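Take a look at the letters that make up each chain.
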Amino acid sequence: GLGEGIADALLGSGHRVLGCSRRGNARLAGHPAYREACFDRADEAAARSGLQALLQDCESLELVVLNAGVLGTFGDLAQAETAELQHTMQVNLWANHFAMRALIDAQRLPQRMVAISSGAAVRGRRGWSGYALSKAALNMFVQLWAAELPDTHCAALAPGLVDTAMQDRLCGMPQDERYDSLDFLRGARDTEDMPTPASIAPRIVELCWSLDAHCESGGFVDVRA
């Protein structure tokens with residue numbers, strides 16, 4: 001997905017990359033400049049211990065990309081199960097909070113922190129329910145961390161449409177006149193309007209290094225703007 005693409009782009013430009021995920025990445029694991037820890041980012045205890053181990057021989061961080069995210073249930077908010085909404089918020093918001101807390105505990109605050117947000121954070125399109133709520137909360141999360149961390153430039157970055165497994169699910173849903181955004185996604189797939197993670201990742205990485213020129217710390221940037 002996008003996380004692998006970003007890691008690949010950073011490795012390709014000569015950076016050392018520390019990654020974390022639930023299942024690990026066998027392809028990247030063979031790279032001499034890549035090291036990873038596998039744990040459930042939504043589990044606070046696991047996140048703290050996993051990141052502590054990952055950071056043991058790391059003296060400083062130039063960039064942290066917070067990319068944890070799930071779609072959750074797509075459909076009307078009125079029918080959404082509270083437990084599912086809570087799970088989406090746990091992964092999309094609190095998992096990223098746990099990561100920042102772990103960095104503070106390890107005294108490894110980065111020069112730049114970029115949280116992967118979404119256009120759904122600022123556009124209330126029908127059907128996006130818990131995903132949109134969690135990404136809107138993530139934007140405020142970035143603003144609040146920016147206020148607390150004056151030496152770290154914090155930004156929320158919406159990568160635009162990216163052809164990931166999430167699109168497999170969305171584009172495979174049945175036609176439903178209530179959710180016109182699904183028709184838009186189907187039309188964009190397999191076109192330059194929905195690039196692959198590998199093709200968009202270099203652009204995202206380029207932006208990560210220059211976001212301080214595009215927005216004040218705490219700001220939101222959409223790559224399509």
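Here goes a summary of the coordinates provided.

### A word on the packing of aromatic side chains
Next up, step 1: Under the criterion given, the structure shown has 4 aromatic pairs.
Next up, step 2: Plain terms: the ring middles of Phe74 and Trp128 are 5.2 Å apart, the flat faces sit at 85° to each other, and that makes the pair edge-to-face. With Phe74 in the loop between strand S3 (63-66) and helix H4 (82-105) and Trp128 in the loop between strand S4 (112-116) and helix H5 (129-148), this residue pair connects regions lying 54 residues apart in the sequence. For the pair shown, Phe74 and Trp128 are each scored as buried.
Next up, step 3: Where Phe141 meets Trp145, the ring centres are 6.1 Å apart and the plane angle is 75°; that geometry is what we call edge-to-face. Of the two residues, Phe141 and Trp145 both sit in helix H5, 4 residues apart, roughly one turn of that helix. In this pair, the class of Phe141 matches that of Trp145, namely buried.

### Let's talk about the nonpolar core
Next up, step 1: Ranked by size, the top nonpolar core spans 27 residues in total, and within it Leu66, Met100, Met113, Phe141 and Trp145 carry the most contacts.
Next up, step 2: Mapped by element, the contributors of at least two residues to this core are helix H3 (44-54), S3, H4, S4, H5 and strand S5 (153-158).
Next up, step 3: A per-element tally of this core places H4 first, with 6 residues.
Next up, step 4: Those residues in contact with Met100 that sit more than four places away from it in its chain are Leu66, Met113, Phe141, Trp145 and Leu149.
Next up, step 5: Leu63, Ala201, Leu207 and Cys215 belong to the second-largest nonpolar core, a separate cluster that totals 25 residues.

### Things to note about the pattern of salt bridges
Next up, step 1: Here the structure, examined in full by the defined rule, presents 14 salt bridges.
Next up, step 2: Asp57 is the partner of Arg16 in a salt bridge, and the nearest nitrogen-oxygen pair spans 3.2 Å. One end of the pair, Arg16, is in the loop between helix H1 (2-12) and strand S1 (17-21); the other, Asp57, is in the loop between H3 and S3, with 41 residues separating them in the sequence.
Next up, step 3: Overall, Asp57 belongs to the partly exposed group, its relative accessible area being 48%.
Next up, step 4: Here Asp183 makes a salt bridge to Arg186, at a shortest N to O gap of 2.9 Å. With Asp183 and Arg186 both in helix H7 (residues 180-188) and 3 residues apart, this pair spans about one turn of that helix.
Next up, step 5: Residue classification places Asp183 among the partly exposed positions, given a relative accessible area of 36%.

### Structural notes on the packing of H1 against helix H8 (residues 197-214)
Next up, step 1: Following both chains from N to C, one finds H1 and H8 inclined at 65°, their axes separated by 8 Å at the closest point. Note that H1 runs across H8; the crossing there is right-handed. Between H1, through Leu2, Gly5, Ile6, Ala9 and Leu10, and H8, the contact on the second element is made entirely by Pro197, Ile200, Ala201, Pro202, Ile204, Val205 and Trp209.

### Focus: the sheet that holds S4
Next up, step 1: The strand order S3-S4-S5-S6 describes an open sheet built from 4 strands, whose pairing is parallel. The two strands at the open ends of the sheet, each matched to only one other strand, are S3 and strand S6 (219-222). This sheet shows a mean twist of 25° between the axes of neighbouring strands, independent of strand direction.
Next up, step 2: In this sheet, S5 lies alongside S4 in parallel orientation, the contact comprising 5 bridges. Looking across to S5, one finds that Val114 is bridged to Ala155.

### Thoughts on the state of the cysteines
As used in these notes, a disulfide is a covalent bond between sulfur atoms, one from each of two cysteines.
Next up, step 1: Inspection of every chain in the model, using the stated rule, returns 0 disulfides.
Next up, step 2: The thiol of Cys38 is not disulfide-bonded; the next cysteine sulfur, from Cys20, is found 9.1 Å away.
Next up, step 3: Residue Cys38 is classed as partly exposed on the basis of its relative accessible area, which comes to 45%.

Cut-offs applied
Residues numbered from 1 in each chain as written. Predicted model: local features only at pLDDT ≥ 70, side-chain atom pairs only at ≥ 80, totals over all residues. Heavy atoms only, no water. Phe/Tyr/Trp six-rings, centres within 6.5 Å; stacked < 30°, edge-to-face > 60°. Helix = DSSP H or I, 4+ residues; strand = E, 2+ residues; numbered from the N terminus. Buried < 20%, exposed > 50% of the residue type's maximum accessible area, 1.4 Å probe, protein only. Core = buried A, V, L, I, M, F, W, Y, C linked by side-chain atoms within 4.5 Å. Contact = heavy atoms within 4.5 Å. Salt bridge = Lys/Arg side-chain N within 4 Å of Asp/Glu carboxyl O. Axes fitted to C-alpha atoms, helices over the stretch in contact; angles between N-to-C directions. Left-handed = near helix turned anticlockwise from the far one by under 90°. Pairing = 2+ DSSP bridges. Disulfide = S-S within 2.5 Å.

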